Amino acid sequence: MDGSVEKLPTQAARGKTLKEATYGALKAMILIGELAPGSRLTESALAERLKVSRTPLREALNRLERDGLVTNRPRHGCFVAAFDLKTFEESFGIREVLDGYAAEQAAENASAEDKIRLRGILARSQSLVPPAERSMDQMVEQLQLGLDLHHVIARASGNDQLADTLTRILDRCHHFVWMELLWLDHWNEAHDEHVEIVDAICGGNAERAAGLARHHVRSSRDDIRRLLQARFAYKSALARVS
Ligand SMILES: [Zn+2]
């Protein structure tokens, strides 16, 4: 996988401001786990790594704190969010309700352009090689396509506040969905569920779209919860023997 650090000059070259590029690079490093959950963020080390001055870095950290991806503990410094069981339960609880509402609203309000975008994401996702043969870059693309679909549905609802809230929640879920993608072989099921949700939205069937979207988030939540519980059980077993 390409390091996000190398992407920084490219993003800046594409016309993004250095401020935006620094924020984007740092966010990507947190979301893909390059900066470990719970780890301390040192301004000097990050400035050196990203080749930027402290000002854009501080702004990026403040913005990431508002996103809920960084926590600032007075006198201790900045830390990557923990992505613990509490964050997980809260984020997926909200997602279940809001994703259902967004799908329902999208079925009523999606434009022809939104529908084309949704179909395009599904077609791209369908064209990827089978999960077992995927390279890490293709896994990242698969993750991004899945999340993009949810972002497009949120925007297609026509409710900007709902879409903004869902964007923040989806960022917090990113880490968990990545875990699901890496460790569980349920990606075909998730794809089939995406197809059904998009069919319901494009067909204008609001009630069905809402029910399917809620079910989709619930089954993902149950899978990830089992994974997290297994990870915690393993950690405490290790702690007992050491
Ligand atoms: Zn999904």
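- As recorded in an unreviewed UniProt entry, the chain goes by GntR family transcriptional regulator and comes from Hypericibacter adhaerens.

Thoughts on the overall build of the chain
Part 1 of the reasoning: Check the secondary structure of the chain and you find 10 helices and 3 strands.
Part 2 of the reasoning: What you see in the chain, going N to C, is helices and strands ordered as α-α-β-α-α-β-β-α-α-α-α-α-α.
Part 3 of the reasoning: Relative to the compact-globule value of 18 Å for 242 residues, the chain shows a C-alpha radius of gyration of 19 Å, a close match.
Part 4 of the reasoning: With the C-alpha coordinates of the chain rotated into their principal frame, the extents come out at 55 × 55 × 35 Å.
Part 5 of the reasoning: Here the chain, with 242 residues, has 43% of them falling under the buried criterion.
Part 6 of the reasoning: Residue pairs at least 24 apart in sequence account for 74% of intrachain contacts in the chain once pairs closer than 6 positions are excluded.
Part 7 of the reasoning: Of the accessible surface of the chain, which amounts to about 12700 Å², a share of 52% is contributed by carbon and sulfur atoms.
Part 8 of the reasoning: For the chain, the centre of its 33 positive side-chain charges and the centre of its 35 negative side-chain charges are spaced 7 Å apart.

Structural notes on the side chain of histidine 150
Part 1 of the reasoning: Mapped onto the elements of the fold, histidine 150 is located in helix α7 (residues 136-156).
Part 2 of the reasoning: Residue classification places histidine 150 among the buried residues on the basis of a relative accessible area of 8%.
Part 3 of the reasoning: With residues up to four places along the chain from it excluded, the contact list for histidine 150 reads Arg95, Asp99, Leu170, His194 and His216.

Overview of the pattern of salt bridges
Part 1 of the reasoning: Tallying each qualifying case throughout the model produces 19 salt bridges.
Part 2 of the reasoning: Its salt-bridge partner being arginine 225, residue aspartate 222 comes within 3.7 Å of it at the nearest N-O pair. Of the two residues, aspartate 222 and arginine 225 both sit in helix α10 (residues 206-241), 3 residues apart, roughly one turn of that helix.
Part 3 of the reasoning: Aspartate 222 gets classed as partly exposed once you look at its relative accessible area, which sits at 30%.
Part 4 of the reasoning: Residues participating in the shared-partner salt-bridge network are Glu89, Glu96, Arg218, Arg221, Asp222 and Arg225.

A short note on the sheet that holds strand β1 (residues 40-41)
Part 1 of the reasoning: Taken in spatial order, the 3 strands make up an open sheet running β1-β3-β2, and their pairing is antiparallel. Of all the strands in the sheet, just β1 and β2 (70-73) have a single pairing partner and so form its edges.
Part 2 of the reasoning: Of the strand pairs in this sheet, β1 and strand β3 (residues 77-80) are connected by 2 bridges, and their pairing is antiparallel. If you follow leucine 41 over to β3, its bridge partner there is cysteine 78.

A short note on the coordination of the zinc ion
Part 1 of the reasoning: Looking at the zinc ion, the protein donor atoms are His150 (NE2), His194 (NE2) and His216 (NE2), and they sit 2.1 Å from it.
Part 2 of the reasoning: Along the chain, the residues donating to the zinc ion are arranged with the sequence spacing H-x43-H-x21-H. One end of the pair, histidine 150, is in helix α7; the other, histidine 216, is in helix α10, and 66 residues separate them in sequence.

Concerning the UniProt feature "domain: HTH gntR-type" (unreviewed entry) in the chain
Part 1 of the reasoning: Residues annotated by UniProt as "domain: HTH gntR-type" (unreviewed entry) correspond here to residues 16-83.
Part 2 of the reasoning: Along residues 16-83 one finds 53% helix and 15% strand; the C-alpha atoms at either end are 29 Å apart.

Comments concerning helix α2 (residues 18-31)
Part 1 of the reasoning: Here α2 spans 20 Å end to end across 14 residues, near enough to the 20 Å set by a 1.5 Å rise per residue.
Part 2 of the reasoning: Here α2 lies mainly inside the structure; 10 of its 14 residues are buried.
Part 3 of the reasoning: Three or more residues of α2 are buried, namely Ala21, Thr22, Tyr23, Gly24, Ala25, Leu26, Lys27, Met29, Ile30 and Leu31.
Part 4 of the reasoning: Among the residues trailing α2, glycine 33 stands out with phi positive, at a value near 85°.

What counts and what doesn't
- Residues numbered from 1 in each chain as written.
- Predicted model: local features only at pLDDT ≥ 70, side-chain atom pairs only at ≥ 80, totals over all residues.
- Heavy atoms only, no water.
- Helix = DSSP H or I, 4+ residues; strand = E, 2+ residues; numbered from the N terminus.
- Rg over C-alpha atoms; globule rule 2.2 N^0.38 Å.
- Buried < 20%, exposed > 50% of the residue type's maximum accessible area, 1.4 Å probe, protein only.
- Contact = heavy atoms within 4.5 Å.
- Areas by Shrake-Rupley, 256 points an atom, 1.4 Å probe, with all protein chains shown as cover.
- Lys, Arg positive; Asp, Glu negative; His and termini not counted.
- Charge placed at Lys NZ, Arg CZ, Asp CG, Glu CD.
- Salt bridge = Lys/Arg side-chain N within 4 Å of Asp/Glu carboxyl O.
- Pairing = 2+ DSSP bridges.
- Donors = N, O, S within 2.8 Å, 3.2 Å for Na, K, Ca; no water.
- UniProt positions renumbered as here; feature names shortened; annotations may be inferred.
- Expected span 1.5 Å × (residues − 1).

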